[in-house]
Amino acid sequence: MALEHAILVSLSERSGSGYELARRFEKSIGLFWSATHQQIYRVLKRMADAGWVAVETVTQDGRPDKKVHTVSENGRAELRRWLAEPNAAAGPQELAVKLRGASFGNEHAVAEELRRHRAAHAERLDAYRQIEKRDFPAPAELHGRALHQYLVLRGGIRAEEGQVEWFDEVLTALQDEKDAR
């Protein structure tokens with residue numbers, strides 16, 4: 001995922017200046033996708049050049065003019081395209097941004113993407129558990145290299161359990177929302 005897509009989601013939620021956008025990133029999207037103020041300003045310029053955002057200059061008394069960025073129709077089209085595009089290599093950050101932006105595109109396509117990733121994490125979790133059962137039947141007796149290998153495997157198991165649980169929570173909430181409509 002490019003920073004552009006995270007910015008498109010944020011600006012779709014609320015237009016703003018580069019400074020306002022950077023502050024929003026620090027408090028919300030930045031919890032799972034970080035960007036410096038300089039990166040945000042560079043990307044906003046690229047997005048304006050590409051026609052993804054419109055820029056309105058607002059005159060301010062006693063301060064420099066403020067440039068307020070709004071997602072253009074081309075930007076909305078790019079966001080919809082990206083939200084619907086499957087990406088087997090997407091990490092948790094990209095999936096979180098897609099989920100956050102789902103209402104600006106095809107919510108069904110985002111849910112399908114989340115289902116695919118849930119299945120991949122569940123498959124990996126099963127493989128890790130099989131390795132644990134096969135290679136480490138008596139974890140209390142481990143020491144040295146074997147203990148270290150086991151602990152790394154346990155970290156992988158815990159991470160995959162967390163991912164599968166999160167996907168289940170998200171997919172249940174999305175289905176409940178859909179049923180309530």
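Residues numbered from 1 in each chain as written. Predicted model: local features only at pLDDT ≥ 70, side-chain atom pairs only at ≥ 80, totals over all residues. Heavy atoms only, no water.

## So, the side chain of His121
For step 1, the next point in the chain: Of note, His121 is situated in helix H6 (residues 107-135).
For step 2, the next point in the chain: His121 sits in the buried class, given a relative accessible area of 14%.
For step 3, the next point in the chain: Apart from the residues lying within four places of it in its own chain, the contact partners of His121 are Glu160, Gln163, Val164 and Phe167. (Helix = DSSP H or I, 4+ residues; strand = E, 2+ residues; numbered from the N terminus. Buried < 20%, exposed > 50% of the residue type's maximum accessible area, 1.4 Å probe, protein only. Contact = heavy atoms within 4.5 Å.)

## Considering the packing of helix H1 (residues 3-13) against helix H5 (residues 92-101)
For step 1, the next point in the chain: Taken N-terminus to C-terminus, the directions of H1 and H5 make an angle of 25°; their axes are 10 Å apart at the nearest point. On the basis of their axis angle, the class for H1 and H5 is roughly parallel. Between H1 and H5 the crossing geometry is left-handed. Facing His5, Ala6, Val9 and Glu13 of H1, the residues of H5 in contact are Val97, Arg100 and Gly101. (Axes fitted to C-alpha atoms, helices over the stretch in contact; angles between N-to-C directions. Parallel < 35°, antiparallel > 145°, perpendicular 65-115°, else oblique. Left-handed = near helix turned anticlockwise from the far one by under 90°.)

## Digging into the packing of H5 against helix H7 (residues 144-180)
For any two helices packed against each other, the geometry comes down to the angle between their axes and how far apart the axes lie.
For step 1, the next point in the chain: Where H5 contacts H7, the axes come no closer than 13 Å and their chain directions differ by 10°. By the angle between their axes, H5 is roughly parallel relative to H7. Residue-level inspection shows Pro92, Leu95 and Leu99 of H5 in contact with H7, the latter providing Gln163, Trp166, Phe167, Val170 and Leu174.
For step 2, the next point in the chain: Residue composition of the contact of H5 with H7, by class: seven nonpolar, one polar and no charged. (Nonpolar A, V, L, I, M, F, W, Y, C, P; charged D, E, K, R; others polar.)

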